[in-house]
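# Working through the structure, step by step
These are the residues of each chain, in order.
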Amino acid sequence: MPKRAHFTAALFEFLSQLKKNNNRDWFLANKARYEADVREPTLQFIEDAGPPLRKISKHVVADPRPVGGSLFRINRDIRFSKDKSPYKTAVGMSFYHDQGSHQVAPGYYLQLEPGTSFAGGGIHMADNKTLNQVRDLILAEPAAWTKVTQTGKFAPMYTYMGESLKRAPQGYDPEHPLVEDLKRKGYGWHARYSEKEVTGADFLDRFVADCQMASPFTALMARGLGVGW
């Protein structure tokens, strides 16, 4: 089957205009554009991504349902936000771990936004228990952790991600060789894409290849968190 582009410049044009007109009246007047240029191509991408992602891990879920699946809702939750803009100006997709509804588990994420499209994975904004599980993994398997995170093409995708504590977390050696990793508040990876790349016929392959490159890291994380991969 020949490759084809899932996304076009119309997706980014819609999101750019939504950012300037983030109100219900404008969105309803342009809802047909949203469905044709954003939602439907994204749902097709999710469906097509499922088989190759499951070759990486049987635990990855790519759910193309319009509601309750991998596609994030366009509506923002404004209940506790000072920003009352009703709509998100980026498209988010979660290719989540099938154990994610029961416990913290690493998966994959893709976000499309004018100027800042990216893929990522791991764990983000985790609680202390989860962070300590990963820290204990680092202590237990320092050689494996170093090999996965500091070598090869994956290393730059991991190196600059996330915030860190100013000091070693309580109970962990501040002189440990991997103390900078122990200080992290999250453990993830990040790969950026240009709009040209997103709208290219090979974007699905590019995204899957980045997920494959991150698979050893994801598998290591999963082991530390006590879930399969």
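Check the entry above for the structure.
Residues numbered from 1 in each chain as written. Predicted model: local features only at pLDDT ≥ 70, side-chain atom pairs only at ≥ 80, totals over all residues. Heavy atoms only, no water.

Counted by the stated rule, this structure contains 21 aromatic pairs. Seen in terms of ring centroids, tyrosine 109 and phenylalanine 118 are 5.9 Å apart; in terms of plane orientation they differ by 50°. Their pairing is tilted. Taking the centre distance of 6.4 Å and the plane angle of 25° together, the rings of phenylalanine 154 and tyrosine 158 count as stacked. The class of phenylalanine 154 is buried, set by a relative accessible area of 4%. Members of the aromatic cluster, each reached through a chain of ring pairs, are Phe7, Phe45, Phe95, Tyr193, Phe203 and Phe207. Over the aromatic face of tyrosine 158 sits the side chain of arginine 184, whose NZ or CZ is 4.0 Å from the ring centroid. (Phe/Tyr/Trp six-rings, centres within 6.5 Å; stacked < 30°, edge-to-face > 60°. Buried < 20%, exposed > 50% of the residue type's maximum accessible area, 1.4 Å probe, protein only. Lys NZ or Arg CZ within 6 Å of the ring centre and 35° of its normal.)

Moving on to the nonpolar core. By size, the foremost hydrophobic cluster in this structure holds 57 residues, and its most contacted members are Phe95 and Trp145. Looking at which element gives the most residues to this core, the answer is helix H3 (residues 31-56), with eight residues. Apart from the residues within four sequence positions on either side, phenylalanine 95 is in contact with Phe45, Ile46, Ala49, Leu53, Val60, Val61, Ala62, Gly107, Tyr108, Leu110 and Phe207. (Core = buried A, V, L, I, M, F, W, Y, C linked by side-chain atoms within 4.5 Å. Helix = DSSP H or I, 4+ residues; strand = E, 2+ residues; numbered from the N terminus. Contact = heavy atoms within 4.5 Å.)

Our focus in this paragraph is the sheet that holds strand S3 (residues 117-123). Strand-to-strand pairing in sheets goes through backbone hydrogen bonds, with the strands running parallel or antiparallel. Pairing in this open sheet of four strands is antiparallel, and the strands run S1-S2-S3-S4 from one edge to the other. On the outer flanks of this sheet lie strand S1 (91-95) and strand S4 (187-193), each paired with one strand and no other. For this sheet, the mean inter-axis angle between neighbouring strands, taken without regard to orientation, is 15°. With five bridges joining them, S1 and strand S2 (residues 107-112) adopt antiparallel strand pairing. By the bridge assignment, serine 94 is partnered in S2 with tyrosine 109. Across the face of the sheet, helix H9 (residues 203-213) comes into contact with S1, S2, S3 and S4 while running at roughly 155° to S4. (Pairing = 2+ DSSP bridges. Axes fitted to C-alpha atoms, helices over the stretch in contact; angles between N-to-C directions.)

Any link to function would need more than the numbers given here.
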